[in-house]
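Tertiary structure, described
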Amino acid sequence: MVWIVMGFLLIGLIDLRPLLAQRKLRAIAAFLVIFTLALVLTVLQKMNIKIPSVMFAWRDLLQWLGLTYPK
Amino acid sequence: MRIDKSRISGTRFMFAIAFFLQSSALLTSFLAGITMQESWIPVVAGFVVCIPLIYLYRTLMLRFPDQNYFQVLTTVYGPVVGKVIGALYLWFFFTLTTLNVGDIGDFIKLTVLPETPHVMLTLCCVLVAVWAVRNGLRVVTRYGSVFTVIEFLIVAVSIILVSNQIKLTNFLPVFAQPAAKYIQGIHITSTIPIGETVVFLMLVPCVKKLSPREATKYWFCGVAMGIAVLLAALLRDIAVLGNTIHFFSLPGLVTLRLVNLTEALSRMEIIFTIAIMMLLFFKIAVLIYVSTIATAQLFETTQFKRLALIIGIFVVAYGPTLYPSSVEHSMSAHTVEPVVWTLFEIILPLLTFLIAKIRKLPEPVPAAKGQEG
């Protein structure tokens, strides 16, 4: 977990700090959205919490609609 | 707003398409699992079926020469609906990138570095790709032409090396499957390698202005070169492995393992391994570039270089959530992915083109006042 936090801090230092210095608000917003998603996914996986698959959601939806190929 | 200021020539664009398609050589097992020794039929038929699709991409490129695909969506559907569809495409680009990153991790782990953790393999690959992306499209596509030629040579040499193992009867029987299998195979070919070239619509503003004739030439030659290599590799594998081809997750690797001309010329699968790693790395670099440009476009910022690294890390983190194993991925590629991809690669581009045509978009730029009269 320490390595994960340190890794994300390093990424923040490399890319977020210059954006904050230049006050590029839209770029900061984009960075923070992706950063948060990546951090949450990494931490949840590190804690062995099962994350539902988006592709399985698509599979279930398409099966319900009868649009998939037979196995 | 132009995000990346770098420009590439039409020839480089063509080689990028060719190389992108060649990298699907790893995915021939998706087809082999369905149509077995007849897998060459869906590849040929898929290419023919996709001619109108490639023409559609080429037409969109010519109609909106200064806009990437997200800008086209905003022009055609308006700012709100355009952004919503753009967000869906962003998910599609991220997922495509993630699946390919997972593929290269699985492949390297299976063939060269079985002891190394999957996450380290994918992370190393992504970090190098991010480095290229931060330097713009010119760097990402720089070696496309060289690698395309190398891949041609590797496939040609491998065919010569396995020529003593080729049995033409391995192609038989032909047309022995139910029609539904061919349709499924053609659908997979149309969506998984060929339709994925929709990502190149995000690169349009970075390609030097092309005439309609040039655009047609570069799109079709690029796809044809990519499919030719894919087909040659598939024919080689079928000619050697016959109807056992569907037993293997990496038929190309198995075929090259069978090379045994002399003591020195054996264990040639390392050629295939290097070629596939090179191809997949290029594909991943292009996909990370596209995902980065798409994110920057959605947030209307030009600072794409500062987003590339975190997007690469997100791709690595997102990977394990998609499929628990490569078997699940393969199953999904047979049944679910072609249907989902159809929405992004065929339906939405076609709808976008039709609406642009009906609304006569893009509107002609009015002449400057000083030039009037």
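Being a predicted model, the structure only gives us computed values, none of them experimental.

Counting its secondary structure elements, chain A contains three helices and zero strands. Mapped in sequence order, the helices and strands of chain A form the string α-α-α. Here the C-alpha radius of gyration of chain A, 18 Å, is well above what a compact globule of 71 residues would show, namely 11 Å. A principal-axis box enclosing the C-alpha atoms of chain A has dimensions of 55 × 30 × 15 Å. Within chain A, the fraction of its 71 residues that count as buried is 31%.

The next subject is the overall build of chain B. Looking only at helices and strands, chain B features 16 helices and zero strands. Against the globule reference of 21 Å for 373 residues, chain B gives a C-alpha radius of gyration of 21 Å, in line with a compact fold. Taken along the three principal axes of its C-alpha coordinates, chain B extends 80 × 45 × 35 Å. Looking at chain B as a whole, 58% of its 373 residues qualify as buried. A total accessible area of about 14800 Å² is found for chain B, and carbon and sulfur atoms account for 69% of it. Here chain B contributes 27 positively and 18 negatively charged side chains, and the mean placements of these two sets differ by 11 Å.

Quick look at unusual backbone geometry now. All names here are of chain B. In this structure, Pro-173 follows Leu-172 across a cis peptide bond, with omega equal to 0 degrees. Take Pro-173: it is sitting in the loop between helix H9 (144-161) and helix H10 (179-194). Between Leu-361 and the following residue, Pro-362, the backbone shows a cis peptide bond with an omega angle of -5 degrees. Relative to the assigned elements, Pro-362 resides in the segment after helix H16 (337-358).

Each pair of packed helices gets described by two things: the angle between the helix axes and the distance between those axes. Residue and element names in this part refer to chain B. H16 packs onto H10 with a crossing angle of 55 degrees between their chain directions and a minimal axis gap of 9 Å. By the angle between their axes, H10 is oblique relative to H16. Like other packed secondary-structure pairs, H10 and H16 cross with a definite hand, here left-handed. In contact with His-187, Ile-188, Ser-190, Thr-191 and Ile-192 of H10, H16 contributes Glu-337, Pro-338, Val-339, Trp-341, Thr-342, Glu-345 and Ile-346.

All names here are of chain B. Over its 18 residues, H9 extends 25 Å from the first C-alpha to the last, a length consistent with the 26 Å expected when each residue adds 1.5 Å. Taken together, the buried positions of H9 are Gly-144, Thr-148, Glu-151, Ile-154, Val-155, Ser-158 and Leu-161. Burial along H9 is one-sided: seen end-on, the buried residues are contained in an arc of 155 degrees. Of the exposed residues in H9, those oriented more than 90 degrees away from the buried face are Leu-153 and Ile-160. Buried residues in H9 make contact with helix H1 (10-22), helix H8 (137-141), helix H11 (212-241), helix H12 (251-257) and helix H13 (269-298).

This next bit is on the state of the cysteines. Residue and element names in this part refer to chain B. Here the structure, examined in full by the defined rule, presents zero disulfides over all chains. Cys-221 supplies the cysteine sulfur nearest to Cys-50, a cysteine that is in no disulfide, at a spacing of 17 Å. Here Cys-125 stays unpaired: no disulfide links it, and the sulfur of Cys-124, its closest cysteine neighbor, is 8.6 Å away.

Glancing now at the pattern of salt bridges. Applying the stated criterion to the full structure yields eight salt bridges over all chains. Where Arg306(B) meets Asp15(A), a salt bridge forms, and the shortest distance between an N and an O atom there is 3.3 Å. Taken as a pair, Arg306(B) in helix H14 (residues 305-322) and Asp15(A) in helix H1 (residues 2-22) lie in two separate chains rather than in one. What emerges from the salt-bridge pattern is a single network uniting Asp15(A), Arg134(B) and Arg306(B).

Once that is clear, we can look at the nonpolar core. Residues and elements named next belong to chain B. Counting residues in each nonpolar core, the largest one holds 148 residues, and the members touching the most others are Tyr-89 and Phe-200. The greatest single-element share of this core, amounting to 16 residues, is contributed by H13. Excluding residues within four positions of it along the chain, Phe-200 makes contact with Phe-13, Ala-16, Ile-17, Phe-20, Trp-219 and Val-286.

The next subject is the packing of aromatic side chains. For any pair of aromatic rings, the description consists of the separation of the ring centres together with the inter-plane angle of the planes. Inspection of every chain in the model, using the stated rule, returns 25 aromatic pairs over all chains. Considering the side-chain rings of Tyr57(B) and Trp219(B), the 5.8 Å spacing of their centres and the 50 degrees angle between planes classify their relative orientation as tilted. Of the two residues, Tyr57(B) is situated in helix H4 (residues 51-63) and Trp219(B) in helix H11; the sequence distance between them amounts to 162 residues. The burial state of Tyr57(B) is the same as that of Trp219(B); both residues are buried. Taken together, the ring pairs in this structure connect Trp58(A), Tyr69(B), Phe70(B), Tyr89(B), Trp91(B), Phe92(B), Phe93(B), Trp341(B) and Phe344(B) into an aromatic cluster. In this structure, Arg59(A) is placed above the aromatic ring of Phe56(A), and the distance from its NZ or CZ to the ring centre is 4.3 Å. Positioned above the aromatic ring of Phe20(B) is the side chain of Lys283(B), whose terminal nitrogen or guanidinium carbon lies 5.0 Å from the ring centre.

Between chain B and chain A, the contact holds 36 residues from the first and 35 residues from the second. Taking both sides of the interface into account, the surface hidden between chain B and chain A amounts to around 3100 Å²; carbon and sulfur atoms contribute 76%. At the junction of chain B and chain A, the tally comes to three salt bridges. The shortest N-O distance in the salt bridge between Glu300(B) and Arg26(A) comes to 3.6 Å. For the interface between chain B and chain A, the tally reads seven residue pairs in polar contact (both at pLDDT 80 or more). Of all the elements in the fold, those that place two or more residues in the side of chain B that touches chain A are helix H6 (79-111), H10, H14, helix H15 (326-335) and H16 of chain B. Among the elements that make up the side of chain B that touches chain A, the one with the highest residue count is H14(B) (12 residues). For the side of chain B that touches chain A, the residue count by class is 22 nonpolar, nine polar and five charged.

Here we take up the environment of Ile284(B). Residue and element names in this part refer to chain B. Of note, Ile-284 is situated in helix H13. Its relative accessible area of 0% is what places Ile-284 among the buried residues. Between the alpha carbons of Ile-284 and Thr-255 there is a distance of 25 Å; along the sequence they are 29 residues apart. The residues contacting Ile-284, other than those within four sequence positions of it, are Asn-100, Val-101, Ile-104, Cys-125 and Ala-129.

Conventions adopted
Residues numbered from 1 in each chain as written. Chains lettered and ligands numbered in written order. Predicted model: local features only at pLDDT ≥ 70, side-chain atom pairs only at ≥ 80, totals over all residues. Heavy atoms only, no water. Helix = DSSP H or I, 4+ residues; strand = E, 2+ residues; numbered from the N terminus. Rg over C-alpha atoms; globule rule 2.2 N^0.38 Å. Buried < 20%, exposed > 50% of the residue type's maximum accessible area, 1.4 Å probe, protein only. Areas by Shrake-Rupley, 256 points an atom, 1.4 Å probe, with all protein chains shown as cover. Lys, Arg positive; Asp, Glu negative; His and termini not counted. Charge placed at Lys NZ, Arg CZ, Asp CG, Glu CD. Axes fitted to C-alpha atoms, helices over the stretch in contact; angles between N-to-C directions. Parallel < 35°, antiparallel > 145°, perpendicular 65-115°, else oblique. Left-handed = near helix turned anticlockwise from the far one by under 90°. Contact = heavy atoms within 4.5 Å. Expected span 1.5 Å × (residues − 1). Arc of directions from axis to C-beta. Disulfide = S-S within 2.5 Å. Salt bridge = Lys/Arg side-chain N within 4 Å of Asp/Glu carboxyl O. Core = buried A, V, L, I, M, F, W, Y, C linked by side-chain atoms within 4.5 Å. Phe/Tyr/Trp six-rings, centres within 6.5 Å; stacked < 30°, edge-to-face > 60°. Lys NZ or Arg CZ within 6 Å of the ring centre and 35° of its normal. Buried area = accessible area lost by both parts, 1.4 Å probe. Polar contact = N/O pair within 3.5 Å; in protein donor to acceptor, adjacent residues only side chain to side chain. Nonpolar A, V, L, I, M, F, W, Y, C, P; charged D, E, K, R; others polar.

None of the figures reported here should be taken as evidence of function without further support.
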